[in-house]
Amino acid sequence: MTLDNRLVAKGSREPRAGLAQQGKVHVGLATHHAAPLAAAGWAAADTTSLQANVTTLEGAVGTQAQAYDHADHTSSAESHALDEAKDFVRKLRNALPRSLRETPGTGLTLDSFRVGDTLGRSTPKISKYLAEIRPGVVTLDPALAKHFGGQMASIELDAVKSALDHADTAQELARANAPGETLALYGVMGQVLEQIEDLNRSAGIAFAKDPATRAKFNKDILLRARKERPKKKAEAAPPPAAPAAPTP
């Protein structure tokens, strides 16, 4: 089987159980709304393909599942780092209007901090964005401090970017060293996620005038699973052999 590296990368960051559950819900939605979706670009064959891929995810046992679960901690670390980086960006955007007013003469505007493309959960895009805005954040540090607990915002930017870059490196190494079974599973996961996104877009066309139905085509289950995964990993971890030394 030839692996699609794009789909492998897309799927490697997702929680398998949450993605499978979201896929099952979408299969049900696609089946129930087959006629209007078909007129909007989502065919019955697409539903059949999604169903088959979801079945593959749910049936991943033995070597496949064990290999995935073994590598999953790197995905969890990256997911947490992404959440922290996106939290920083949201805080910064809320603080910018006042900070810019209070720091005249810098030549900086809100446009100086705009994203040229949607960041989403793309680690490379977010890391690049943080690097690009850092000089502006440093310039505004005195005015931003009140919004960042009295600390320099640039220090928090450096911290979240460093954590994100380290987690991304670990994830890439884990992916490069993963056995074939894991890579194949990642590929299926990436395809399921892409199919869910395609179906959501078709629903946006089919139900443009029916917001209640359109709203059913979301990724809420998957989003919850992404947020819960790091916490569950931490809860499942065995206790340390000895208590850590107190920090001086």
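Everything quoted here is computed from the prediction, not taken from an experiment.

Criteria and thresholds
Residues numbered from 1 in each chain as written. Predicted model: local features only at pLDDT ≥ 70, side-chain atom pairs only at ≥ 80, totals over all residues. Heavy atoms only, no water. Helix = DSSP H or I, 4+ residues; strand = E, 2+ residues; numbered from the N terminus. Buried < 20%, exposed > 50% of the residue type's maximum accessible area, 1.4 Å probe, protein only. Contact = heavy atoms within 4.5 Å. Salt bridge = Lys/Arg side-chain N within 4 Å of Asp/Glu carboxyl O. pLDDT = per-residue confidence, 0-100. Core = buried A, V, L, I, M, F, W, Y, C linked by side-chain atoms within 4.5 Å. Phe/Tyr/Trp six-rings, centres within 6.5 Å; stacked < 30°, edge-to-face > 60°. Axes fitted to C-alpha atoms, helices over the stretch in contact; angles between N-to-C directions. Left-handed = near helix turned anticlockwise from the far one by under 90°. Nonpolar A, V, L, I, M, F, W, Y, C, P; charged D, E, K, R; others polar. Expected span 1.5 Å × (residues − 1). Bend = angle between axes of the 7 residues up to and from the residue.

**A look at the overall build of the protein**
Looking only at helices and strands, the protein features ten helices and zero strands. Put simply, the protein runs from its N terminus to its C terminus through helices and strands in the order α-α-α-α-α-α-α-α-α-α. Out of the 248 residues belonging to the protein, those deemed buried represent 40%. Of the contacts made within the protein by residues no fewer than 6 positions apart, 80% connect residues no fewer than 24 positions apart.

**Section: the pattern of salt bridges**
Applying the stated criterion across every chain yields a total of 16 salt bridges. For Glu-194, the salt bridge is made with Arg-6, and the minimal N-O distance between the two is 2.4 Å. A residue pair is termed long-range when its members are at least 10 positions apart, and Glu-194 in helix 8 (residues 180-206) and Arg-6 in helix 1 (residues 5-11) qualify at 188 residues. Judged by relative accessible area, which is 22%, Glu-194 ranks as partly exposed. Notably, a salt bridge pairs Glu-197 with Lys-219, separated by 3.3 Å at the nearest N-O pair. Placement of the pair is Glu-197 in helix 8 and Lys-219 in the loop between helix 9 (211-214) and helix 10 (220-236), with a sequence separation of 22 residues.

**What about the confidence of the model for the protein?**
Per-residue confidence for the protein gives a mean pLDDT of 85; residues scoring 70 or more make up 82%. The model gives residues 231-248 a pLDDT under 50, and that stretch makes three contacts with residues more than four places away or in other chains.

**Side note on the nonpolar core**
One finds Leu-19, Leu-37, Leu-50, Leu-57, Val-192, Leu-199 and Phe-217 to be the most contacted residues of the largest nonpolar core, which totals 25 residues. Elements that contribute at least two residues to this core include exactly helix 2 (16-32), helix 4 (44-58) and helix 8. Considering every element that reaches this core, the biggest residue donor is helix 8, with ten residues. The contacts of Leu-199, once residues within four sequence positions are left out, are His-26, Ala-30, Leu-37, Trp-42, Leu-50 and Phe-217. Listed in part, the 24 residues of the second largest apolar core include Ala-81, Tyr-129, Val-160 and Ala-167.

**Some details on the packing of aromatic side chains**
Per the counting criterion, the structure on display carries two aromatic pairs. Aromatic pair Phe-88 and Phe-148: ring centres 5.6 Å apart, planes at 50 degrees, arrangement tilted. In this pair, Phe-88 sits in helix 5 (residues 63-101) while Phe-148 sits in the loop between helix 6 (123-144) and helix 7 (153-177), placing the two residues 60 residues apart along the sequence. Residue Phe-148 is classed as buried on the basis of its relative accessible area, which comes to 5%. Centre to centre, the rings of Phe-207 and Phe-217 are 5.9 Å apart; their planes meet at 20 degrees, and the pair counts as stacked. Of this pair, Phe-207 sits in the loop between helix 8 and helix 9 while Phe-217 sits in the loop between helix 9 and helix 10, and the two are ten residues apart along the sequence. For the pair Phe-207 and Phe-217, one class covers both residues: buried.

**Description of the packing of helix 4 against helix 8**
Their axes nearest at 10 Å, the elements helix 4 and helix 8 cross at an angle of 140 degrees. In the crossing of helix 4 with helix 8, the sense of the turn from one axis to the other is left-handed. On the side of helix 4, the interface is formed by Asp-46, Ser-49, Leu-50, Asn-53, Val-54, Thr-56 and Leu-57, while helix 8 contributes Leu-185, Val-188, Met-189, Gln-191, Val-192, Gln-195 and Leu-199. Of the residues in the contact of helix 4 with helix 8, the class split is eight nonpolar, five polar and one charged.

**Comments concerning helix 6**
The terminal C-alpha atoms of helix 6 lie 25 Å apart, and with 22 residues this falls more than 12% below the ideal 32 Å at 1.5 Å per residue. When the local axis directions of helix 6 are compared, the greatest deviation, roughly 45 degrees, occurs at Val-138, which is followed within four positions by the proline Pro-142. Of all the positions in helix 6, only Thr-123, Ile-126, Ser-127, Tyr-129, Leu-130, Ile-133, Gly-136, Val-137, Leu-140, Asp-141, Ala-143 and Leu-144 are classed as buried.

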